[in-house]
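# Architecture at a glance
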Amino acid sequence: MKKALVISGGGSKGAFAGGVAQYLMKHENRDYDLLLGTSTGSLMISHLALHKLDELKVLYTNVNQDSIFSNNPFSIRSVDGQKIVSINHLNTLWNFLNGRKTFGESKNLRKLIAKNITKEMYDEIRSSEKEIVVTVSNLTTNRIEYKSNKDCTYEDFCDWIWGSCNYVPFMSLLEKDHCQYADGGFGTLVPIREAILRGATEIDAIILETEIPLINRLPAKNPFSLLFDVFGFMLTHVERHNITIGKLAAKNKDVQLNLYYTPTVLTTNSLVFDQKMMRKWWKSGFNYAKSKNEELMSEFRPDILTGKEIEENLTRFMND
């Protein structure tokens with residue numbers, strides 16, 4: 001039996017996935033032979049392969065905008081306790097004047113990857129039987145590519161992780177091997193089918209969106225917010241397509257597929273890295289996975305819950 005962990009893209013919402021993984025690995029004693037990640041998921045799988053959950057938690061609950069962006073295209077301010085995101089016109093103009101192809105630059109993220117996913121960690125994973133795979137979008141060849149630790153050097157693998165996380169045009173464009181690469185989520189946000197093709201017989205998939213859309217987007221007020229809305233629309237449908245294909249492939253191959261969605265909307269802009277919120281999301285992910293598995297163990301049937309009970313449960317998951 002080959003067990004796989006799949007983590008979708010989701011930017012700062014990766015903290016929730018960390019909490020889910022912590023519960024599954026520490027309290028359900030799950031150990032995975034194959035780990036696949038897209039975007040923020042690709043950042044997590046090296047630590048998870050080595051069971052470095054405490055180190056991953058420190059990383060994900062202390063990161064901020066400066067940890068990611070060397071040139072931040074966003075201006076963030078608080079209004080009545082809510083974070084309002086708008087364009088940083090000066091930084092964006094600076095990028096254009098320097099002939100860069102994107103609104104912002106995420107070179108600090110590449111440094112963060114090298115600092116936290118060390119050569120020693122990479123070698124340890126390589127010497128084990130585990131395989132870790134990241135998803136990247138090759139914009140030049142118009143293909144999705146899956147990069148395994150078994151097929152590349154340490155430096156190359158760090159580049160692929162960085163490329164998988166780069167939500168262009170707001171972050172850097174990875175130019176490598178005469179091709180341009182961007183966020184893997186543009187093509188495969190939830191690589192369930194790839195896990196099955198690589199021989200997985202049981203899959204835990206952490207999906208950093210709600211199972212059913214719970215919000216309507218506010219009308220766009222500027223080109224930046226409109227671009228975010230368009231990307232959000234496309235990624236939502238990519239995600240649903242990935243999950244549908246994954247479910248069909250799992251059924252066809254008799255693969256056990258366990259899906260872990262976020263119970264509520266965590267944020268409408270996953271490129272805002274708020275340490276306080278990410279600590280809360282980590283704890284919420286842990287509590288959600290714990291509750292979900294307790295319900296499964298007691299043959300819990302969610303269809304007999306009333307709407308009020310569902311609402312109370314979701315509130316408890318997020319506030320515990």
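About the criteria used
Residues numbered from 1 in each chain as written. Predicted model: local features only at pLDDT ≥ 70, side-chain atom pairs only at ≥ 80, totals over all residues. Heavy atoms only, no water. Salt bridge = Lys/Arg side-chain N within 4 Å of Asp/Glu carboxyl O. Helix = DSSP H or I, 4+ residues; strand = E, 2+ residues; numbered from the N terminus. Buried < 20%, exposed > 50% of the residue type's maximum accessible area, 1.4 Å probe, protein only. Polar contact = N/O pair within 3.5 Å; in protein donor to acceptor, adjacent residues only side chain to side chain. Contact = heavy atoms within 4.5 Å. Phe/Tyr/Trp six-rings, centres within 6.5 Å; stacked < 30°, edge-to-face > 60°. Pairing = 2+ DSSP bridges.

### Some words on the pattern of salt bridges
Tallying each qualifying case throughout the model produces 13 salt bridges. With a shortest N-O distance of 3.2 Å, Glu-155 and Arg-110 are connected by a salt bridge. Of this pair, Glu-155 sits in helix α8 (residues 154-165) while Arg-110 sits in helix α6 (residues 107-116), and the two are 45 residues apart along the sequence. Judged by its relative accessible area of 46%, Glu-155 falls in the partly exposed class. Across the pair Arg-198 and Glu-194 runs a salt bridge, and its minimum N-O distance is 2.8 Å. The network of salt bridges with common partners includes Arg-110, Glu-155, Asp-156, Asp-159 and Lys-176.

### As for the side chain of Lys-147
Residue position: Lys-147 is located in strand β6 (residues 143-148). Among the residues examined, Lys-147 registers a relative accessible area of 17% and is labelled buried. Within the local environment of Lys-147, its side chain forms a polar contact with the side chain of Glu-145, the two groups lying 2.7 Å apart. Not counting the four nearest positions on each side in its chain, Lys-147 is found in contact with Ile-132, Val-133, Val-134, Val-136, Phe-157, Trp-160 and Tyr-181.

### Comments concerning the packing of aromatic side chains
For the structure shown, the criterion picks out 17 aromatic pairs. Ring centres 5.9 Å apart and planes at 85° place the aromatic pair Phe-69 and Phe-74 in the edge-to-face group. Note on accessibility: Phe-69 and Phe-74 belong to one class, buried. Aromatic pair Tyr-167 and Phe-228: ring centres 6.2 Å apart, planes at 25°, arrangement stacked. Within this pair, whereas Tyr-167 is found in the loop between α8 and β7 (174-176), its partner Phe-228 is found in helix α10 (residues 223-253), the two being separated by 61 residues in sequence. Neither Tyr-167 nor Phe-228 differs from the other in exposure class; each is buried. An aromatic cluster of at least three residues, connected via ring pairs, comprises Phe-69, Phe-74, Phe-96, Phe-103, Tyr-167, Phe-170, Phe-186, Phe-228 and Phe-231.

### Some words on the pairing of β6
Looking at chain direction, strand β5 (residues 131-138) and β6 are connected through six bridges and run antiparallel. What sits directly across from Val-136, in β6, is Glu-145. Counted between consecutive antiparallel strands, the loop separating β5 from β6 contains four residues, among which Asn-142 sits at a positive phi close to 60°.

### Quick notes on the environment of Thr-141
By the secondary structure assignment, Thr-141 is in the loop between β5 and β6. Thr-141 sits 40 residues away from Tyr-181 along the chain, and the two C-alpha atoms are 9.6 Å apart.

None of the figures reported here should be taken as evidence of function without further support.
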